[in-house]
Amino acid sequence: MKLEQQMVYLKQALGSDVVRAKVFASTTGGKFSKLAQRVCDGDQTHMGLIFEFENNSAIYIEAYFRVGVRLRPYGKLEEFLRADPDNRVWIAPTDIEDAEARALFRDCCNDIGRAGYYEWQLVLMWLHERLGRALRFSLPNTEDLVVCSEWVARRLYIYGYNLLDSFRDDFEKVTPVSGWERIVKINAQRGLPHDGLELQLTREDSDDEKVYVDIIG
C-alpha cells in the first residue's frame, strides 16, 4: 500500500488527524533485556513513537528487529504490559504537535516495511558502549537497515529532538538507554514532563485484577 493510501486508510480507520507525537521506551524481564541493561547502564531496551489523534485514539510505530518498521494498534502496548509483571513501559510527551506531528507521522509511515537488523546488531551497539572509547571500535553505517533507537533518533532529529551526544555522534550509536536519557534531558530543558514517566499499575480496592493507567492525553 502506498503512503498516501496508508494515510487515507488510517484517517478513515481512526476517524481523525494526528495531533501529537510521544516517545515510548520499554523493556522485559528476559535474559536478553537484562544483558542489554547491564551493558548500556540503564533500564530501557526498546524505543518507538506513539501518535495520538483528535479523537483520543492512538497507534505506535517501531523498528522491531528482523520484522523491520511496523505500525501497531495502541492496544498492543497494553497487551505487552499485561503479559508479564516484569514488562515495563515509559512514555514521554514531546512538543511535536499538529502540522509537525502530521509531517513526522508521514515520515514514519513512509518507513513502514524497511528492513530491521537481527538481534546481533544490538551486540555491536553494546560493544561500542563498552569498548568504543578504549579500542576506537566504530559501528558500520548501514542506512538501509534500522534498529529501534537509531530509527527514532533519525526521525526526531529534524523536528528538534537531537538524541546524539559527544560519544554517540552518529545515529547508529544511539541506544535505547542513551536515547531515552536525551529525551528526558531535552524535556527538562523545555519545561515538559520528564520525571515519573514510567507507567504504574493501579489496583481497585475491591478487585485483584491489575489495571494500567491510561497514557493517552
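Above this text sits the structure in question.
In what follows, the accompanying structure is described. Remember, it's a predicted structure, so these values are computed and weren't measured experimentally. (Residues numbered from 1 in each chain as written. Predicted model: local features only at pLDDT ≥ 70, side-chain atom pairs only at ≥ 80, totals over all residues. Heavy atoms only, no water.)

**Quick word on the environment of Cys 109**
Quick note on the threshold: Numbering of helices and strands runs from the N terminus, with a helix taken as a DSSP run of H or I at least four residues long and a strand as a DSSP run of E at least two residues long. Exposure is judged per residue with a 1.4 Å probe applied to protein chains only, and the accessible area is read against the type maximum: over 50% gives exposed, under 20% gives buried, and values in between give partly exposed.
With respect to the element layout, Cys 109 can be found in helix α4 (residues 98-111). A relative accessible area of 2% means that Cys 109 is categorised as buried.

**Quick word on the pattern of salt bridges**
The criterion, for reference: We define a salt bridge as a contact between a side-chain nitrogen of Lys or Arg and a carboxyl oxygen of Asp or Glu at a distance within 4 Å.
Under the counting rule described, the total for this entry stands at ten salt bridges. Residue Asp 43 is joined to Arg 88 by a salt bridge in which the shortest nitrogen-to-oxygen separation is 3.7 Å. Residue Asp 43 is found in the loop between α2 (31-40) and β2 (46-53), and its partner Arg 88 is found in strand β5 (residues 88-97); the two are separated by 45 residues along the sequence. The class of Asp 43 is partly exposed, set by a relative accessible area of 34%. Note that Glu 62 and Arg 70 form a salt bridge whose closest N and O atoms lie 2.7 Å from each other. An identical accessibility class is assigned to Glu 62 and Arg 70; each is buried. Through salt bridges with shared partners, a single network forms among Arg 20, Lys 22 and Glu 52.

**Considerations on the packing of α4 against helix α6 (residues 148-157)**
Applied cut-off: Interaxial angle, 0 to 180 degrees, is taken between N-to-C directions of lines fitted to C-alpha atoms, where a helix line uses only the stretch in contact. Every angle not falling under 35 degrees, over 145, or within 65 to 115 is termed oblique; those three ranges are roughly parallel, roughly antiparallel and roughly perpendicular. Helix crossings fall into two classes, left-handed where the near helix is turned counterclockwise from the far one by less than a right angle and right-handed where it is turned clockwise. In what follows, a contact means two residues having at least one pair of non-hydrogen atoms within 4.5 Å. Residue type decides the class: Asp, Glu, Lys and Arg count as charged, Ala, Val, Leu, Ile, Met, Phe, Trp, Tyr, Cys and Pro as nonpolar, and the leftover types, Gly among them, as polar.
Closest axis-to-axis distance for the α4/α6 pair is 10 Å, and the angle between their directions is 140°. Between α4 and α6, the interaxial angle falls into the category oblique. Pair α4 / α6 crosses with right-handed handedness. Within the contact between the two elements, α4 uses Leu 104, Asp 107, Cys 108 and Asp 111 and α6 uses Trp 151, Arg 155 and Leu 156. Partitioned by chemical class, the residues of the contact of α4 with α6 number four nonpolar, no polar and three charged.

**A short note on the nonpolar core**
Across soluble globular proteins, you tend to see nonpolar side chains buried next to one another. Where we set the bar: For this analysis, a nonpolar core means a set of buried residues of the types Ala, Val, Leu, Ile, Met, Phe, Trp, Tyr and Cys, connected via side-chain atoms within 4.5 Å.
Of all hydrophobic cores here, the largest spans 37 residues; its most connected members are Phe 51, Ile 61, Trp 151 and Leu 156. The biggest single contributor to this core is α4, with six residues. Every residue in contact with Phe 51, bar those within four places of it in the chain, is listed here: Val 18, Arg 20, Ala 21, Ser 57, Ala 58, Ile 59, Ile 61, Ala 101, Leu 104, Phe 105 and Cys 108.

**What about α6?**
Because each turn of an α-helix spans 3.6 residues, side chains separated by three or four positions in sequence point in the same direction. Of all ten residues in α6, nine are buried, a share of seventy percent or more. All of the buried residues in α6 are Cys 148, Ser 149, Glu 150, Trp 151, Val 152, Ala 153, Arg 154, Arg 155 and Leu 156.

**Structural notes on the pairing of β2**
Which entries qualify depends on this criterion: Pairing between two strands requires that DSSP report at least two bridges joining them.
When you tally the buried positions in β2, you get eight out of eight residues, the bulk of the element. What you see with β2 is no split at all: His 46, Gly 48, Ile 50 and Glu 52 on one side and Met 47, Leu 49, Phe 51 and Phe 53 on the other are buried throughout. Where strand β1 (residues 18-27) lies against β2, eight bridges are found, and the strand directions are antiparallel. The partner of Val 18 across the bridge, within β2, is Phe 53. Where β2 and strand β3 (residues 58-64) come together, four bridges link them in antiparallel fashion. Opposite Glu 52, over in β3, you have Ala 58 as the bridge partner. Where β2 folds back onto β3 in an antiparallel hairpin, the turn is made up of four residues, including Asn 56, whose phi is positive at roughly 70°.

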